[in-house]
Amino acid sequence: GDKVKQSPSALSLQEGTNSALRCNFSIAATTVQWFLQNPRGSLINLFYLVPGTKENGRLKSAFDSKESYSTLHIRDAQLEDSGTYFCAAEAGTNAYKVIFGKGTHLHVLP
Amino acid sequence: GALVYQYPRRTICKSGTSMRMECQAVGFQATSVAWYRQSPQKTFELIALSTVNSAIKYEQNFTQEKFPISHPNLSFSSMTVLNAYLEDRGLYLCGARDNTEVFFGKGTRLTVV
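Keep in mind that this is a model prediction, so the values were computed, not measured.

Novice: Looking at this model, I keep getting lost on the packing of aromatic side chains. Mind explaining?
Specialist: Aromatic ring pairs are described here by two measures, namely the spacing of the ring centres and the angle between the planes. In the structure shown here, the tally under the stated rule is 10 aromatic pairs over all chains. Arranged with centres 4.8 Å apart and planes meeting at 40°, the rings of Phe100 of chain A and Phe44 of chain B form a pair that is tilted. Linking Phe100 of chain A in strand β10 (residues 94-100) with Phe44 of chain B in strand β5 (residues 44-51), this pair reaches from one chain into another. Classification of Phe100 of chain A as buried rests on a relative accessible area of 6%. According to the relative accessible area criterion, Phe44 of chain B is buried, its value standing at 4%. Each residue in the set Phe35, Phe86 and Phe100 of chain A together with Tyr36, Phe44 and Phe104 of chain B is aromatic and connected to the rest through ring pairs, giving one cluster. Above the plane of the ring of Tyr69 of chain A lies Arg22 of chain A, whose end atom (NZ or CZ) is 4.0 Å from the centre.

This is the structure:
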C-alpha cells in the first residue's frame with residue numbers, strides 16, 4: 001500500500017471557505033514537507049516540519065509523528081490556492097529518502 | 001539561506017537523444033542528492049539517491065544505464081536522461097540534503113518530441 005497516503009484525492013472549495021488536507025504515513029516519518037504544484041506545473045515549497053506546527057499567512061500545518069499524520073489547513077481559500085498539494089515524508093529508518101504522496105487536487109471556485 | 005537551483009527549467013529533446021540536467025546547492029553542503037521524476041498526472045517517483053563517498057542507489061525501474069548521475073562535490077549534481085522517449089517526459093526534481101533538512105529545486109521539465 002501507499003507509504004504516504006493523502007486525502008482527499010480531490011476537493012472543490014468555495015472562495016473564502018476553509019479546509020484541511022491530510023497525510024497519513026505507514027512509515028516512521030521523521031520530517032514532512034508540503035508543496036503546492038500550481039496549474040502551470042510550478043512547484044512551491046510550503047512547509048518543512050519536524051513534529052509540531054507551523055503557520056504562514058492563511059496556511060497552517062501540523063505534524064504528529066506518534067500518530068503518523070500531518071495536516072494542512074487552508075483558511076479563507078483564494079483562487080490562487082488552486083492546484084495539487086503534495087506531502088512528502090522522510091523516514092527515520094532511511095533518513096535520506098523522501099517519499100511523496102499522490103497529491104490532493106484542489107479547485108477553488110469563485 | 002539554503003537554495004537549490006535546477007537548470008534548465010524547461011527543455012525539449014528529440015526522441016532517441018539525450019538530455020543532461022543539473023542541480024546546484026547554494027548556501028549549504030549537499031551530502032546527499034535525490035532525483036525524482038513526475039510523469040504527467042502522477043506523483044514524484046524516486047529515481048536514485050546519491051550520497052557523497054557512497055555508491056549511487058537506484059530505485060526499481062530506474063537504472064544507471066538510462067539515468068547516469070554525477071555527484072562530484074557537495075554543491076553539484078547532474079543527471080542525464082539517455083535515449084529519451086515519450087515515456088521519459090515529465091518534471092525532474094532534485095532534492096539536496098545537508099545534515100538537517102532536505103531542500104528541493106523547482107525542477108527541469110522535459111518534453112520529448
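Right, picking up where we left off after that structure.
Novice: Could you clarify how one ought to interpret the environment of Thr111 of chain B in this entry?
Specialist: Residue and element names in this part refer to chain B. The residue Thr111 is located in strand β11 (residues 108-112) in this model. By relative accessible area, which is 35% here, Thr111 ends up partly exposed. If near-sequence neighbours (up to four positions away) are discounted, Thr111 is found in contact with Thr11, Ile12 and Cys13.

Conventions we followed
- Residues numbered from 1 in each chain as written.
- Chains lettered and ligands numbered in written order.
- Predicted model: local features only at pLDDT ≥ 70, side-chain atom pairs only at ≥ 80, totals over all residues.
- Heavy atoms only, no water.
- Phe/Tyr/Trp six-rings, centres within 6.5 Å; stacked < 30°, edge-to-face > 60°.
- Helix = DSSP H or I, 4+ residues; strand = E, 2+ residues; numbered from the N terminus.
- Buried < 20%, exposed > 50% of the residue type's maximum accessible area, 1.4 Å probe, protein only.
- Lys NZ or Arg CZ within 6 Å of the ring centre and 35° of its normal.
- Contact = heavy atoms within 4.5 Å.

Note that every value here comes from positions in space, so none of it alone points to a role or purpose.
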